[in-house]
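The lines below spell out each chain.
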Amino acid sequence: MDLSLLAWGDAGWGDQMARGAVVTILVAIAAYALGVVIGAGLAAMKLAPLAPLRWFAELYTTVIRGIPELLVIYLVFFGGGTALRAIASGMFGYDGYIELPIFVTGTICLAVSAGAYSAEVIRGAVQVVPKGQLEAAVAVGMSRPQRLRRILVPQVARHALPGLGNVWQLTLKDTSLISVIGLVEIMRQAAVAAGSTKEPFTFYLVAAVLYLGLTSLSNRGFDAAERWANKGVRRA
Amino acid sequence: MDLGFLIEIIPRLAAGVPTTLLLVAQSLALGFALAVVVALVRLQPNPLGAGAAYGFVYVFRATPLLVQIFLIYYGSGQFRPVLEDLGVWVLFRDAWFCAVLALTLNTAAYTSEIIRAGLQSVPLGQIEAGRAVGMSRLQLFRRVTFPLAVRQALPAYGNEVILMVKASSLASTITILEITGIAKTIIAASFRPVEVFVVAGAFYLAINFVATRAVRFAEHRLATASAPTRAPAAPTRQLAATR
Amino acid sequence: MSLKYFAGLAAGLVLASQVAAQEWDTIRVASEGAYAPWNFTNAQGELDGFEIELMRELCARMDAECELVSQAWDGMIPALLGGRYDAIMAGMSITDERREVIAFSRPYATTPAIFVAPADSALAAAGLPETRVDLAEVSDEEQALIDQLRTLVDGRTVGVQTATIHENFLRESMGDVTIRTYDTQENLDLDLQAGRIDVALADQSGWQPLLEGEAGDDFTRVGPGFSGGVFGEGVGVGLRQEDTALKEKFDGAIQAALEDGTVSELAVKWFGFDTAATP
């Protein structure tokens, strides 16, 4: 193993690997944020009184959670452009080409999965909040936004945090899969460097260490968040 | 969507189903055996052994499976002379071996945590009762602790089985033509991702449906009237509980 | 975020691509960055190689500003159709199969496909002549050579890049072999070095980094170089079928660059031999 390969600057691959790590972090954050929004929407649909909404949300989560992420990525990547152009031509009457930046495509790929997993987490957390509390809030004359802000959201956030932490870990690790569509994150950068230097072990090991660092760091972040959310909760 | 094309690719993708199933079955069987060992090592008093087991679990759960597969497959090529001297290169030369090795180590890390939780859930009274009737340590483990732990761990293990079915798709990245590998080949040649996704996705959903049913059946068989029922645990975050 | 915002965003995207579609004063060109010396990623993380320099040359001749896009091989054609970029310069051979989906400029390079095997293998020991075989017109002698090659590789594991003309050739002409497919030439090289495959088929130029690198002495070319027939007319710029104006611009620029020897010059610089197509 030749460690000078990891030098910073033009001679080595250190700076490229670091840049790959930044892309990994950015795409993971973007996908996670979008995924939680999708998940909240799906959770609301699952708890909705209208049956077709519930069916759609159930179908979405069952299918996406039962199919390999790699297949979902191939679908979004290879089929996304066609779908986008169909929408553009159908809704706006535009027949030319529209593109999405590769970063956005990668984000959507990952958010599709993150949405399915966080939907389950959020629904579970909402159901934990006792109905009586909401009824009591109505009784003391709280408005709908007040009930949401003061009763539902703080409790749902607390109960959902552990599960959402898992979804974050999943999303972070799944970013490695979008290297197949050409976004230059840790994995793709490692593959390029491995091929160029004929030292695959060195570079995939570096990739593994980077992921290990990122998961460990974010794990600490979620620990702190959970402590904060549980402030004022009496321990049994 | 082109229905004719969709029907045309069904047999081609179906040819990958046995490969996927075999890959999953081998990895799950080997991974479960390894997981039992790892869980026991973690729970025994020697801090060195317990620490090593914890390190193994931590590393394999905190890094993406794709990195693990590439590290084993392409990474081993960098040490070919050494591995040849050791006489194990014949194994690493084979993509199937590398895929099964990576999947086995990966599922073992996750499964050992499931088993550990199961072992810890066994009520102390049961173990004391076993001791009272004069069981040896091995007897106690085989007849009391392990069966009770497995029953407790089954629902979580069912989830792990599904995750493994999905994870096996990554073997396609090291030249193994299972369902996803074939799907990618068809997409690359036909540029029709939607039809391929529908058919390949349906195969995975079917496999997972059958697997879920099988685990439920096992749960049902193992559940007896005398079994202590436990309230569902509060959600906890584990390090990278998902793959 | 409001609907208005989205509408504005959509309009912006539409506008941006519309201008490009009419004038072609900016062209987005995709390359793979993993197929040295055609195109590769250097330690500065930039795309470099024969096609990258040729692209700059062609763009100057077309009076256009070119933007380089890096794209994995597997998604190369879908992403062109999806509008991620307007042109492909990634060592892509012109074939009838690809012509059904995309258009090509006139070829700018031709290089034969060759088999490469470990120097100490039975394949290398057979000592087949290293002639050039045009599959469009095969003589009896050449057919005998192909048959001999087929017997040699029979029952062996052969590596090839996914969805390439080389894979098609293996399936059609090489009988009973186990085919292993790879995403990139680099992974193919890694596995040939690792001994996981007995022999591999790829473009002669694609073999340069391996054969001329540190491990080069351990590997050798086996038999003739193939071109024509299933291997197509050469390497050209991949374009969308409807962009006929862009095709004309590329054709003109390539023709001029071939005629004044620029392409040959670049080829000798990067390949060590002239790969330029006949003007």
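Residues numbered from 1 in each chain as written. Chains lettered and ligands numbered in written order. Predicted model: local features only at pLDDT ≥ 70, side-chain atom pairs only at ≥ 80, totals over all residues. Heavy atoms only, no water.

## Points about the overall build of chain B
Across its full length, chain B carries eleven helices and zero strands. Along chain B, helices (α) and strands (β) appear in the sequence α-α-α-α-α-α-α-α-α-α-α when read from the amino end. Principal-axis analysis of the C-alpha atoms places the extent of chain B at approximately 70 × 50 × 30 Å. Residues classed as buried in chain B amount to 50% of the 243 residues present. Side-chain charges in chain B split into 20 positive and 11 negative, and the spacing between the mean points of these groups amounts to 12 Å. (Helix = DSSP H or I, 4+ residues; strand = E, 2+ residues; numbered from the N terminus. Buried < 20%, exposed > 50% of the residue type's maximum accessible area, 1.4 Å probe, protein only. Lys, Arg positive; Asp, Glu negative; His and termini not counted. Charge placed at Lys NZ, Arg CZ, Asp CG, Glu CD.)

## What about the nonpolar core?
Counting residues in each nonpolar core, the largest one holds 144 residues, and the members touching the most others are L13(B) and W207(C). In contact with W207(C), other than residues within four places in its own chain, are I114(C), V116(C), Q185(C), L188(C), D189(C), L192(C), A200(C), L201(C) and A202(C). Formed by 34 residues, the second largest nonpolar core is a distinct cluster that contains F50(C), M55(C), A109(C) and A253(C). (Core = buried A, V, L, I, M, F, W, Y, C linked by side-chain atoms within 4.5 Å. Contact = heavy atoms within 4.5 Å.)

## Observations concerning the state of the cysteines
Simply put, the disulfide is a covalent bond whose two ends are the sulfur atoms of two cysteines. All names here are of chain C. As enumerated under the stated definition, the model contains one disulfide over all chains in all. Two residues, C59 and C66, share a disulfide whose sulfurs are 1.8 Å apart. Residues C59 and C66 are joined through a disulfide that is left-handed, its torsion about the S-S bond being -85°. (Disulfide = S-S within 2.5 Å.)

## Overview of the interface of chain B and chain A
Contacts between chain B and chain A engage 43 residues on the former and 47 residues on the latter. Carbon and sulfur atoms make up 72% of the area that chain B and chain A hide from each other, which totals about 3700 Å². Summed over the shared surface of chain B and chain A, the result is one salt bridge. Ionic pairing is found between K166(B) and E69(A), a salt bridge with its closest N-O pair at 3.2 Å. Here chain B is connected to chain A by eleven residue pairs in polar contact (both at pLDDT 80 or more). Breaking the side of chain B that touches chain A down by element, the ones donating at least two residues are α3 (47–62), α4 (65–77), α9 (137–167), α10 (179–190) and α11 (193–222) of chain B. When residues of the side of chain B that touches chain A are assigned to their parent elements, the largest contribution, eight residues, is made by α11(B). (Buried area = accessible area lost by both parts, 1.4 Å probe. Salt bridge = Lys/Arg side-chain N within 4 Å of Asp/Glu carboxyl O. Polar contact = N/O pair within 3.5 Å; in protein donor to acceptor, adjacent residues only side chain to side chain.)

## Let's talk about the interface of chain A and chain C
With 26 residues of chain A at the interface, the matching set in chain C holds 27 residues. Interface area for chain A against chain C, summed over the two sides, is near 2300 Å², with a carbon-plus-sulfur share of 55%. Where chain A touches chain C, the interface holds one salt bridge. Here K198(A) and D189(C) are joined by a salt bridge, their closest N and O atoms 3.6 Å apart.

## What to know about the sheet that holds strand β2 (residues 34–35) of chain C
All names here are of chain C. Read from one edge to the other, the open sheet built from three strands follows the order β2-β3-β4, with strand pairing classed as antiparallel. Each edge of the open sheet is held by one strand with a lone partner, namely β2 and β4 (47–48). Bridge analysis of β2 against strand β3 (residues 39–41) gives two bridges, and the strand direction is antiparallel. In the sheet register, A34 faces β3, and the bridge partner there is F40. (Pairing = 2+ DSSP bridges.)

## Details of the packing of aromatic side chains
Going through the model one piece at a time under the given rule, you end up with 20 aromatic pairs over all chains. Aromatic ring contacts, followed pair by pair, group Y204(A), F70(B), Y73(B) and Y74(B) into a single cluster. Between the NZ or CZ atom of R196(C) and the centre of the ring of Y73(B), over which it lies, the distance is 3.7 Å. (Phe/Tyr/Trp six-rings, centres within 6.5 Å; stacked < 30°, edge-to-face > 60°. Lys NZ or Arg CZ within 6 Å of the ring centre and 35° of its normal.)

## Some thoughts on a negative patch on the surface
Together, E23(C), D25(C), D63(C), E65(C) and E67(C) give the surface a local cluster of negative charge. For E65(C), the location among the structural elements is in strand β5 (residues 65–70). (Patch = residues over 30% accessible without salt bridge, like charges linked within 9 Å, V, L, I, M, F, W, Y side chains within 5 Å. Areas by Shrake-Rupley, 256 points an atom, 1.4 Å probe, with all protein chains shown as cover.)

## Quick word on the pairing of strand β12 (residues 199–203) of chain C
All names here are of chain C. Among the five residues in β12, five count as buried, and that is most of the element. In this structure, strand β10 (residues 157–161) lies alongside β12, joined through two bridges in parallel fashion. Across the sheet, V158 pairs through a bridge with V199, a residue of β12.

## Thoughts on the pairing of strand β1 (residues 26–31) of chain C
Residue and element names in this part refer to chain C. When you tally the buried positions in β1, you get five out of six residues, the bulk of the element. Pairing of β1 with strand β6 (residues 87–88) involves two bridges; the strand directions are parallel. Across the sheet, residue V29 finds its bridge partner in β6, namely A87.

## Section: the confidence of the model for chain B
Residues and elements named next belong to chain B. The predicted model of chain B has a mean per-residue pLDDT of 89, with 92% of residues at 70 or higher. The low-confidence segment residues 228–235 (pLDDT under 50) makes five contacts with residues lying over four places distant or belonging to another chain. The low-confidence segment residues 237–243, where pLDDT is below 50, has 38 contacts with residues more than four positions distant or belonging to other chains. (pLDDT = per-residue confidence, 0-100.)

## Some thoughts on the pattern of salt bridges
Residue and element names in this part refer to chain C. If you walk through the whole model with that rule in mind, you get 26 salt bridges over all chains. Residues R28 and D86 are paired through a salt bridge, measuring 2.8 Å at the closest nitrogen-oxygen approach. With R28 in strand β1 and D86 in the loop between α3 (76–81) and β6, the pair connects residues that are 58 residues apart, well separated along the chain. Of the two residues examined, R28 and D86, each falls in the buried class. The salt bridge involving D260 is made with R61; its shortest N-O contact spans 3.0 Å. One end of the pair, D260, is in the loop between α10 (244–259) and α11 (262–271); the other, R61, is in helix α2 (residues 50–62), with 199 residues separating them in the sequence. Taking relative accessible area as the criterion, D260 reaches 45% and is therefore assigned partly exposed. Exposure remark for R61: the relative accessible area of 31% places this residue in the partly exposed category.

## Let's talk about the packing of helix α2 (residues 51–66) of chain A against α11(B)
Their axes nearest at 9 Å, the elements α2(A) and α11(B) cross at an angle of 95°. Relative to α11(B), α2(A) is oriented roughly perpendicular. In this structure, α2(A) uses T62(A), V63(A) and G66(A) to contact α11(B), whose residues at the interface are Y204(B), L205(B) and N208(B). Residues of the contact of α2(A) with α11(B), tallied by class, amount to three nonpolar, three polar and no charged. (Axes fitted to C-alpha atoms, helices over the stretch in contact; angles between N-to-C directions. Parallel < 35°, antiparallel > 145°, perpendicular 65-115°, else oblique. Nonpolar A, V, L, I, M, F, W, Y, C, P; charged D, E, K, R; others polar.)

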